[in-house]
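Okay, here's what each chain looks like letter by letter:
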Amino acid sequence: MTLRLRPRPKPTTPLPQTVLIGGSAGSVEALGQILPMLPEHFAAAVVVVVHLPADSASLLVDIFAPRVNLTVQEVHDKVQLLAGNIYFAPPDYHVLVEADGTLALSRDAPVHFCRPAIDVLFETAADALGTRAIGVVLTGANEDGAAGLAYLAHTGATTLVQDPKDASMPTMPDAALSLSRVDRVLPAAQIGLALADIVQGKADALR
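So, how was this worked out
- Residues numbered from 1 in each chain as written.
- Predicted model: local features only at pLDDT ≥ 70, side-chain atom pairs only at ≥ 80, totals over all residues.
- Heavy atoms only, no water.
- Pairing = 2+ DSSP bridges.
- Helix = DSSP H or I, 4+ residues; strand = E, 2+ residues; numbered from the N terminus.
- Axes fitted to C-alpha atoms, helices over the stretch in contact; angles between N-to-C directions.
- Contact = heavy atoms within 4.5 Å.
- Parallel < 35°, antiparallel > 145°, perpendicular 65-115°, else oblique.
- Left-handed = near helix turned anticlockwise from the far one by under 90°.
- Nonpolar A, V, L, I, M, F, W, Y, C, P; charged D, E, K, R; others polar.
- Buried < 20%, exposed > 50% of the residue type's maximum accessible area, 1.4 Å probe, protein only.
- Polar contact = N/O pair within 3.5 Å; in protein donor to acceptor, adjacent residues only side chain to side chain.
- Core = buried A, V, L, I, M, F, W, Y, C linked by side-chain atoms within 4.5 Å.
- pLDDT = per-residue confidence, 0-100.

Another aspect to go through is the sheet that holds strand 5 (residues 85–88). What the 7 strands build is an open sheet, ordered 3-5-2-1-8-9-10; its pairing is parallel. Across the chains shown, the open sheet's two edge strands, defined by having one partner strand only, are strand 3 (71–74) and strand 10 (184–186). In this sheet, neighbouring strand axes are inclined to one another by 20 degrees on average, regardless of whether the strands run parallel or antiparallel. Sheet analysis places strand 3 next to strand 5, joined by 4 bridges and oriented parallel. Across the sheet, the residue bridging to Val-72 is Ile-86, located in strand 5. Across the sheet, helix 3 (residues 118–129) touches strand 1 (18–23), strand 2 (45–50) and strand 8 (133–137), and the angle it forms with strand 1 is around 165 degrees. The strands touched by helix 6 (residues 188–200) within the sheet are strand 1, strand 8, strand 9 (158–162) and strand 10, with strand 9 carrying the most contacts at an inclination of about 170 degrees.

Put into structure tokens, the structure is as follows:
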């Protein structure tokens, strides 16, 4: 698979460090181990794409709002990325990161039969955020996110993958690992603490 390399537009405003998490089958359980570990004063935004049925409402905000230390919301068009906020992709819409630090919604064609697609989030985040992006691929049963994570890595972002041995469905982590060398491979229970360390800039966070 060939990466689609594009010139990155220069941000028009300072953008926050942003964690981008993608997952599919089994990822809600993985997120339940990751998101509650993020501290109250987490100095990054978090954008989450989970593959959901197009014809049903998402319950992710309701599930996670009582369990996490950060503000939780579903993405709406042109919402501003802010540190300390978790944004969940709505069903049947791609989420794109724009150069001005906003999130946009799109009804473009599905990618890997998915809308929202992880690759769309990751690739647009790579263009908008560059080294301020942190990409995370979780459990899932298809290859969505693999090319996007490789593109993030190419643009200097930090990349993490859930250990396939820890994943309910290892196809997605395996695909991500097959396309690029990542910074960390961890079980879900350790990813939240690793993200906190990375965002805090601890020197040994990626060892």
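Next up on the list: the packing of helix 4 (residues 146–154) against helix 5 (residues 171–179). Where helix 4 meets helix 5, the closest approach of the two axes is 8 Å, and the angle between their N-to-C directions is 40 degrees. Here helix 4 lies oblique to helix 5, going by the angle between them. Considering only the axes of helix 4 and helix 5, their crossing is right-handed. Only Ala-175, Ala-176 and Leu-179 of helix 5 make contact with helix 4, whose side of the interface consists of Ala-146, Ala-147, Leu-149 and Ala-150. Across the contact of helix 4 with helix 5, the residue classes break down as 7 nonpolar, no polar and no charged.

So, on to the sheet that holds strand 7 (residues 102–106). Taken together, 3 strands build an open sheet; the order of strands is 4-7-6 and the sheet is antiparallel. With one partner strand each, in any of the chains shown, strand 4 (79–80) and strand 6 (94–97) form the two edges of the open sheet. Relative to strand 7, strand 4 runs antiparallel, the two being bridged by 2 bridges. Considered in strand 7, the bridge of Val-79 is made with Leu-103.

Here the focus is the side chain of Gln-162. Tracing the chain through its elements places Gln-162 in strand 9. Residue class for Gln-162 comes out buried when judged on its relative accessible area of 2%. Polar contacts involving the side chain of Gln-162 include one to the side chain of Asp-166, which spans 2.9 Å. Discounting residues that sit within four places of it in the chain, Gln-162 has contacts with Ala-30, Val-137, Leu-138, Thr-139, Ala-167, Pro-173, Val-185, Leu-186, Ala-188 and Ile-191.

One finds Leu-20, Val-97 and Leu-103 to be the most contacted residues of the largest nonpolar core, which totals 32 residues. Looking at this core, the elements with two or more residues in it are strand 2, strand 6, helix 3, strand 8, helix 4 and helix 5. Residue contributions to this core peak at 7 residues, all from helix 3. Once residues within four sequence positions are removed from consideration, Leu-20 is found in contact with Val-47, Val-97, Leu-121, Phe-122, Ala-125, Ala-133, Ile-134, Gly-135, Val-136 and Leu-152. Of all hydrophobic cores here, the second largest spans 30 residues; its members include Ile-21, Phe-42, Ile-134 and Leu-186.

Here the focus is the confidence of the model for the chain. Here the chain averages 92 in pLDDT, while 91% of its residues score no lower than 70. Overall, residues 1–6 carries pLDDT values under 50, and its contacts beyond four positions in sequence, including any with other chains, amount to 13 contacts.

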